[in-house]
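A look at the structure
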Amino acid sequence: MDHFLYRDGRLMAEDVAISEIVAEVGTPVYVYSSATLLRHLQLFEEALDGLPHLVCFAVKSLGNVAVLKLLGEAGAGMDIVSGGEYARARAAGVPGERIVFSGVGKTREEMRMALEGGIRQFNVESEPELQALSEVASSLGKTAPITIRVNPDVDAKTHAKIATGKSENKFGIPIARAREVYAMAARLPGIEVIGIDVHIGSQLTELAPFEAAFTKVAELTEMLRADGHDIRRLDLGGGLGIPYERINEAPPLPFDYGALIRRTVGHLGCEIEIEPGRLVAGNAGLLISRVIYAKSGEGRDFLILDAAMNDLVRPSMYDAHHDIVPVIEPEAGAETRPWDVVGPVCETGDTFARGRELPPVGEGDLVAFRSAGAYGAAMASEYNARPLVPEVLVRDDQFAVIRRRPSYEEMIARDSIPEWL
Ligand SMILES: *Cc1c(COP(=O)(O)O)cnc(C)c1O
């Protein structure tokens, strides 16, 4: 569910017309709905109601400080994977006690930053990381609360680039070796074992892989408790998928996911953490773009937009589908025709869709990519020296630019020419 609907023939973000935002900010531009973001967070809150829990928003999916502040003020914690994300979460006013530090490659500097600034827990992914964290925490005279990320070897049945829970992936410790690594952790100075972490992948469209993973985590909890570890917190990761194609897809709902959590680990008396990114942010954002040219090719027609793969990389990186709709509502029963929808970047990979049936569109028209809130702006770059795409946040009838478009001068000013050149 989202808050991007047509009203009087115009696509709206809540009570603001998209065309009004474009008149002020230009294109391409990301537009987020506060109501949708909060609604999705609320769905997880309701799904886990009655269990002690914290919903930690995965900052990597949409890291704008204004969005983090909105969610943080609504009670969300944050799941971060870098020092930069730690700084973003703190700049958004989220206290350290609500920030969980994930990721396979935490540096000692990042560990120090989090320990000094305050952190809820580290989700540790390897023995060398455990050793490093022990050294850093001890040198600061602090104790690092940790979970260990276990790799349950389940097939998440998602795109290979975003599957993380198979034994061949780089993430976590094989669950079969978990007891050994927990025993090591318990002996290390500066480390306090508090729980278990698991995250099997992203854009999961079935519950069965979660069920398999959480069942293994429940068994491991009993085993580790028998070994004398005080396992009191379970971080179950993120990964719940969203419908990118409105008509064909119906991934599981947060409510059913919550019921699954209760069924598999609810009896253990642990505090539950989840780390959703995509389901909170994905359908809360649009990427708005203008058609530069409509070009006829050999048997194919190309719609050339002013947005490109540097602004939204998911189609070229993950073969992802995004629904594309006109910003002016098409007439009922308007005929469609197929277009290859592309950007101006000098790569064939800069293709958003092939043979996409669209209602009448032409030069100068505005189109909206749906479901672009997660892994959209967050993965944007300045490839082809295209200034970083701006972001706008809407609430009711107000909107604000929450990241402005840099000028060419600002973009270039980050480079410097050595004096010997
Ligand atoms: C990416 C990631 C998430 C968020 O995944 P979504 O599919 O966006 O919900 C959560 N936890 C970890 C450890 C991640 O790497």
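Residues numbered from 1 in each chain as written. Predicted model: local features only at pLDDT ≥ 70, side-chain atom pairs only at ≥ 80, totals over all residues. Heavy atoms only, no water.

**Topic: the domain arrangement of the protein chain**
Interface size, as often reported, equals the accessible area lost upon joining of the parts. As assigned here, the protein chain comprises domain 1 (4-31 + 282-413) and domain 2 (103-274). If you average the C-alpha positions of domain 1 and of domain 2, the two centres end up 35 Å apart. Three residues stand out in domain 1 for area buried against domain 2, namely Asn283, Tyr318 and His321, and they jointly supply 43% of the buried area on that side. There are zero salt bridges connecting domain 1 and domain 2. Counting across the interface, domain 1 meets domain 2 through three residue pairs in polar contact (both at pLDDT 80 or more). (Domains from an automatic or database assignment. Buried area = accessible area lost by both parts, 1.4 Å probe. Salt bridge = Lys/Arg side-chain N within 4 Å of Asp/Glu carboxyl O. Polar contact = N/O pair within 3.5 Å; in protein donor to acceptor, adjacent residues only side chain to side chain.)

**Examining the site of the ligand**
Surrounding the ligand, one finds 15 residues, the nearest of these being Lys60, Ser202, Glu275, Arg278 and Tyr375. Between the ligand and serine 202 there is a distance of 2.3 Å, counted from an oxygen atom to a side-chain nitrogen or oxygen. Between a nitrogen atom of the ligand and a side-chain N or O atom of glutamate 275, the distance comes to 2.5 Å. Burial of the ligand by the protein chains amounts to 94% of its free accessible area of 390 Å². Tallied by class, the residues present in the shell around the ligand amount to three nonpolar, seven polar and five charged. (Near = heavy atom within 4 Å. Areas by Shrake-Rupley, 256 points an atom, 1.4 Å probe, with all protein chains shown as cover. Nonpolar A, V, L, I, M, F, W, Y, C, P; charged D, E, K, R; others polar.)

**Notes on the nonpolar core**
Judged by nonpolar contacts, the single largest core of 101 residues is most densely connected at Met78, Phe122 and Ile146. If you tally residues by element for this core, the top one is helix α8 (residues 208-226), at seven residues. Inspection of this core shows a minimum of three residues originating in each of domain 1 (4-31 + 282-413) and domain 2 (103-274). If near-sequence neighbours (up to four positions away) are discounted, phenylalanine 122 is found in contact with Phe101, Lys106, Met111, Ala114, Leu115, Leu133, Ala144, Pro145, Ile146 and Thr147. One finds Leu11, Ala13, Val31 and Leu286 within the second-largest nonpolar core, a separate group that totals 19 residues. (Core = buried A, V, L, I, M, F, W, Y, C linked by side-chain atoms within 4.5 Å. Buried < 20%, exposed > 50% of the residue type's maximum accessible area, 1.4 Å probe, protein only. Helix = DSSP H or I, 4+ residues; strand = E, 2+ residues; numbered from the N terminus. Contact = heavy atoms within 4.5 Å.)

**A word on helix α1 (residues 18-25)**
Burial in α1 covers these residues: Ile18, Ile21, Val22 and Val25. With its buried residues spanning 100° around the axis, α1 presents them on a single face. α1 presents Ala23 and Glu24 as exposed residues on the side facing more than 90 degrees away from its buried surface. Just past α1, the residue glycine 26 takes up positive phi, approximately 80°. (Arc of directions from axis to C-beta.)

**A look at the sheet that holds strand β3 (residues 16-17)**
The antiparallel open sheet is built from three strands, whose spatial order is β1-β2-β3. Of all strands in the sheet, those bounded by a partner on one side alone are β1 (6-7) and β3. Note that β1 and strand β2 (residues 10-13) share two bridges and pair antiparallel. The residue bridging arginine 7 from the neighbouring strand is arginine 10, located in β2. (Pairing = 2+ DSSP bridges.)

**A word on helix α6 (residues 127-139)**
Here α6 is 13 residues long and its end C-alpha atoms lie 18 Å apart, about the 18 Å a rise of 1.5 Å per residue gives. When α6 is considered as a whole, its buried residues turn out to be Glu129, Leu130, Ala132, Leu133, Ser134, Val136 and Ala137. Lining the buried residues of α6 we find α5 (108-117), β8 (121-124), β9 (144-151), α7 (178-187) and β11 (191-197). Regarding α6, its N-cap is serine 126, as a side-chain oxygen of that residue lies 3.2 Å from the backbone nitrogen of glutamate 129 further along. Phi turns positive, to about 70°, at glycine 141, one or two residues after α6. (Expected span 1.5 Å × (residues − 1).)

**Brief notes about the packing of aromatic side chains**
Applying the stated criterion to the full structure yields seven aromatic pairs. When the ring of phenylalanine 101 is compared with that of phenylalanine 122, the centres are 5.8 Å apart and the planes differ by 20°; the resulting orientation is stacked. Residue phenylalanine 101 is found in strand β7 (residues 99-101), and its partner phenylalanine 122 is found in strand β8; the two are separated by 21 residues along the sequence. Here the two residues phenylalanine 101 and phenylalanine 122 agree in accessibility, since each one is buried. On the basis of an interplanar angle of 40° and a centroid distance of 5.7 Å, the ring pair of phenylalanine 210 and phenylalanine 214 is categorised as tilted. Within this pair, phenylalanine 210 and its partner phenylalanine 214 are both found in helix α8, separated by four residues, close to a single helical turn. The two residues phenylalanine 210 and phenylalanine 214 agree in class, both being buried. (Phe/Tyr/Trp six-rings, centres within 6.5 Å; stacked < 30°, edge-to-face > 60°.)

**Concerning the packing of helix α2 (residues 34-47) against helix α3 (residues 65-73)**
Between α2 and α3, the least distance of the axes is 10 Å, while the angle of their chain directions is 45°. Compared by their axis directions, α2 and α3 come out oblique. Classified by chirality, the crossing of α3 by α2 is right-handed. From α2, Ser34, Leu37, Leu38 and Leu41 reach across to α3, where they touch Val67, Leu70 and Leu71. Grouping the amino acids of the contact of α2 with α3 by side-chain chemistry returns six nonpolar, one polar and no charged. (Axes fitted to C-alpha atoms, helices over the stretch in contact; angles between N-to-C directions. Parallel < 35°, antiparallel > 145°, perpendicular 65-115°, else oblique. Left-handed = near helix turned anticlockwise from the far one by under 90°.)

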